[in-house]
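# Residue-level structural notes
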There are 2 protein chains.
Amino acid sequence: MVRTSQKVARAEATTLDKRAWTDAALHTLAENGIDGVRVEILARDLGVTKGSFYWHFSDRGELLDAVLQEWRRRATLSIIDRLERTHEPAEQRLRRLLRLQFESRRAEFGSDVELSIRLWGRRDAHALAVLREVDELRLRYIRGLVEELGVSKGEAAARAILAYSYMRVSRSLIPSDNMALADECERVLLKRV
Amino acid sequence: MVRTSQKVARAEATTLDKRAWTDAALHTLAENGIDGVRVEILARDLGVTKGSFYWHFSDRGELLDAVLQEWRRRATLSIIDRLERTHEPAEQRLRRLLRLQFESRRAEFGSDVELSIRLWGRRDAHALAVLREVDELRLRYIRGLVEELGVSKGEAAARAILAYSYMRVSRSLIPSDNMALADECERVLLKRV
């Protein structure tokens, strides 16, 4: 993963921007956890001097905050935005969400980033606050979709938790050659049993 | 966490056994991840010499295997065993499982250990194999309970995945003062809506 951003970044080393640093940090985070995200190592991977980092960030803390905000944008806001722009019925948008973990080529990278952030959140209050906000945003969005299916508010809150729990972990529980099982899970979640 | 095992272990330092090393390793794993589990650091925490480690283990790899086996025993086998000995109806055993994450005082420690093992499993084939076996054991047990409720095999497989996903992550999604929401989730999972 880092190799790709290295290549891209080296080609434009002179104009290396904030985004390239954030991308490289996200990849390192996914692979090595938060302790692996160090300015000198990122600079080496990007083929630039450590000093150029300070054109964009005042310190490592500012980079880590950019990483959290970028993760929040990519893994939540832009997904919701994309779904909303389809103007599809709620059931179809929910189905797309429930399939995301199986179909997106970036799902594995995304789940590595997220696992690293959850681990980081166990000992960092800021990371934990962003995690909680993201969980809250996702749950609220899913709950709204379930309510649109005509389910009572109380049951929708419960179904949203079940749907989101499923989205978080079932990729490792359902073999990729058994999508019939994923279908069945979706039927139960969408109350179509 | 390590402090408690330190105290216990120091009191019986002369008879320090295999179990004390495995316990200390589990606590360090929960707090610092697999890279934190180092023989010299455990020895220091336990107040014994590094050499005494080799009375019980041939190397760090053997300790790590003992850690995985102990986790498998505590977090899966002994829970199933305890449930089975109640001879309660399947629905009651399922409810107990679904509440475990909220009620057990050890749930937080258990979830820290498990998160660390899942992270470890991303780059260690043996840890991954034990994780997969544990997931399989738990899913099979839950599926059996759901089938006892009188649900078809296909639907039981799906409900088991939803119940297990819920057990894995919902503790962070349901505030401890909103057990009515947990009740509602259980009702949906147990098909009592």
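These numbers come from a predicted model, not from an experiment.

Rules and cut-offs
- Residues numbered from 1 in each chain as written.
- Chains lettered and ligands numbered in written order.
- Predicted model: local features only at pLDDT ≥ 70, side-chain atom pairs only at ≥ 80, totals over all residues.
- Helix = DSSP H or I, 4+ residues; strand = E, 2+ residues; numbered from the N terminus.
- Buried ≥ 20, exposed ≤ 12 C-beta atoms within 10 Å, placed from the backbone.
- Contact = placed C-beta atoms within 7 Å.
- pLDDT = per-residue confidence, 0-100.
- Least-squares fit on C-alpha atoms with pLDDT ≥ 70 in both.
- Domains from an automatic or database assignment.
- Expected span 1.5 Å × (residues − 1).
- Bend = angle between axes of the 7 residues up to and from the residue.
- Nonpolar A, V, L, I, M, F, W, Y, C, P; charged D, E, K, R; others polar.
- Axes fitted to C-alpha atoms, helices over the stretch in contact; angles between N-to-C directions.
- Parallel < 35°, antiparallel > 145°, perpendicular 65-115°, else oblique.
- Left-handed = near helix turned anticlockwise from the far one by under 90°.

With that settled, consider the overall build of chain A. Helix and strand counts for chain A stand at nine helices and zero strands. Going from N to C terminus, chain A has its helices and strands arranged as α-α-α-α-α-α-α-α-α. Viewed in the frame of its principal axes, chain A has a C-alpha envelope of about 60 × 35 × 30 Å. Split into buried and exposed, the 193 residues of chain A put 33% on the buried side. For chain A, the proportion of contacts with a sequence separation of at least 24, taken over those separated by at least 6, is 60%.

What follows deals with the confidence of the model for chain A. All names here are of chain A. Looking at chain A, pLDDT values average 90 and 91% of them are 70 or higher. When pLDDT is averaged over each helix and strand of chain A, the minimum, 49, is found for helix 1 (residues 2–11) and the maximum, 97, for helix 7 (residues 125–148). Predicted confidence is poor over residues 7–14, with pLDDT under 50, and the contacts of this stretch with residues over four places away or in other chains come to eight contacts. Scored by ipTM, the complex comes to 0.86, with pTM at 0.87.

Looking now at the relation of the copies chain B and chain A. Rotating chain B by 180° and translating it 0.0 Å along the rotation axis places it on chain A, where the RMSD comes to 0.1 Å. Between the two chains, the operation in question is that of a two-fold axis. Residue Ser 165 of chain B, judged by its C-alpha, is the member of chain B lying nearest the rotation axis, at 2.7 Å. Of all interface residues in chain B, 100% are interface residues in chain A too; the two copies therefore contact each other through one and the same surface.

Another aspect to go through is the domain arrangement of chain A. Residue and element names in this part refer to chain A. Here chain A is described as being made up of domain 1 (2–57) and domain 2 (68–189). Relative placement of domain 1 and domain 2: their C-alpha centres are 29 Å apart. Each side of the interface is counted separately: domain 1 has six residues, and domain 2 has eight residues.

What follows is about unusual backbone geometry. Backbone geometry at His 87 of chain A places phi at a positive 55°, although glycine is not the residue there. Checked against the element boundaries, His 87 of chain A lands in the loop between helix 4 (60–86) and helix 5 (90–103).

This brings us to helix 5 (residues 90–103) of chain B. All names here are of chain B. Between its first and last C-alpha, helix 5 extends 19 Å over 14 residues, near the 20 Å set by a 1.5 Å rise per residue. If you look at helix 5, its biggest bend is around 25°, right at Leu 97. Along its buried surface, helix 5 packs onto helix 4 (60–84), helix 6 (107–121), helix 7 (125–148), helix 8 (153–169) and helix 9 (179–189).

Further remarks concern the interface of chain B and chain A. A common way to express how large an interface is: the accessible area buried when the components associate. Every contact between the two is made by 29 residues of chain B and, on the other side, 29 residues of chain A. Of all the secondary structure elements, the ones that give two or more residues to the side of chain B that touches chain A are helix 6, helix 7, helix 8 and helix 9 of chain B. Here the side of chain B that touches chain A takes twelve residues from helix 8 of chain B, the largest share from any one element. Here the residues of the side of chain B that touches chain A sort into 17 nonpolar, four polar and eight charged.

Two quantities define a packed helix pair, namely the angle between the helix axes and the distance between the axes. All names here are of chain A. Where helix 5 contacts helix 7, the axes come no closer than 8 Å and their chain directions differ by 140°. Judged on the interaxial angle alone, helix 7 and helix 5 are oblique. Regarding helix 5 and helix 7, the two cross each other, and that crossing is left-handed. Residues Ala 90, Arg 93, Leu 94 and Leu 97 of helix 5 form the contact with helix 7, whose own contacting residues are Ile 142, Leu 145 and Glu 148. Residues of the contact of helix 5 with helix 7, tallied by class, amount to five nonpolar, no polar and two charged.

Here we take up helix 8 of chain B. An α-helix turns once every 3.6 residues. As a result, residues three or four positions apart point the same way. Here helix 8 of chain B contains 17 residues, and its C-alpha end-to-end distance of 25 Å stays within 8% of the 24 Å for a straight helix at 1.5 Å per residue. Taking burial as the measure, the 17 residues of helix 8 of chain B include twelve buried ones, the bulk of the element. Within helix 8 of chain B the residues assigned to the buried category are Ala 156, Ala 157, Ala 158, Arg 159, Ala 160, Ile 161, Leu 162, Ala 163, Tyr 164, Ser 165, Tyr 166 and Arg 168 of chain B. Against helix 8 (153–169) and helix 9 (179–189) of chain A together with helix 5, helix 7 and helix 9 of chain B lie the buried residues of helix 8 of chain B.

Moving on to the environment of Glu 186 of chain B. Residue and element names in this part refer to chain B. Topologically, Glu 186 is positioned in helix 9. The class of Glu 186 is partly exposed, set by 19 C-beta atoms lying within 10 Å. Between the C-alpha atoms of Glu 186 and Arg 105, which are 81 residues apart in sequence, the distance is 20 Å. With residues near it in sequence (within four places) discarded, Glu 186 still touches Arg 95 and Leu 98.

Attention shifts here to the environment of Asp 23 of chain A. Its location among the elements puts Asp 23 of chain A in helix 2 (residues 18–32). Through-space distance from the C-alpha of Asp 23 of chain A to that of Arg 96 of chain A is 26 Å; in sequence the pair is 73 residues apart.

A few words now on the packing of helix 4 of chain B against helix 7 of chain B. Residue and element names in this part refer to chain B. Between helix 4 and helix 7, whose axes approach to 11 Å, the crossing angle comes to 0°. Compared by their axis directions, helix 4 and helix 7 come out roughly parallel. When helix 4 is examined against helix 7, the residues Leu 68, Arg 72, Thr 76 and Ile 80 are found in contact with a partner set consisting of Ala 127, Val 130, Val 134, Leu 137, Arg 138 and Tyr 141. In terms of residue class, the contact of helix 4 with helix 7 is made up of seven nonpolar, one polar and two charged.

The next point concerns the environment of Leu 100 of chain A. All names here are of chain A. Tracing the backbone through its elements, the reader meets Leu 100 in helix 5. Of the residues examined, Leu 100 has 16 C-beta atoms within 10 Å and is grouped as partly exposed. Aside from chain neighbours lying at most four places away, what touches Leu 100 is Ala 107 and Met 167.

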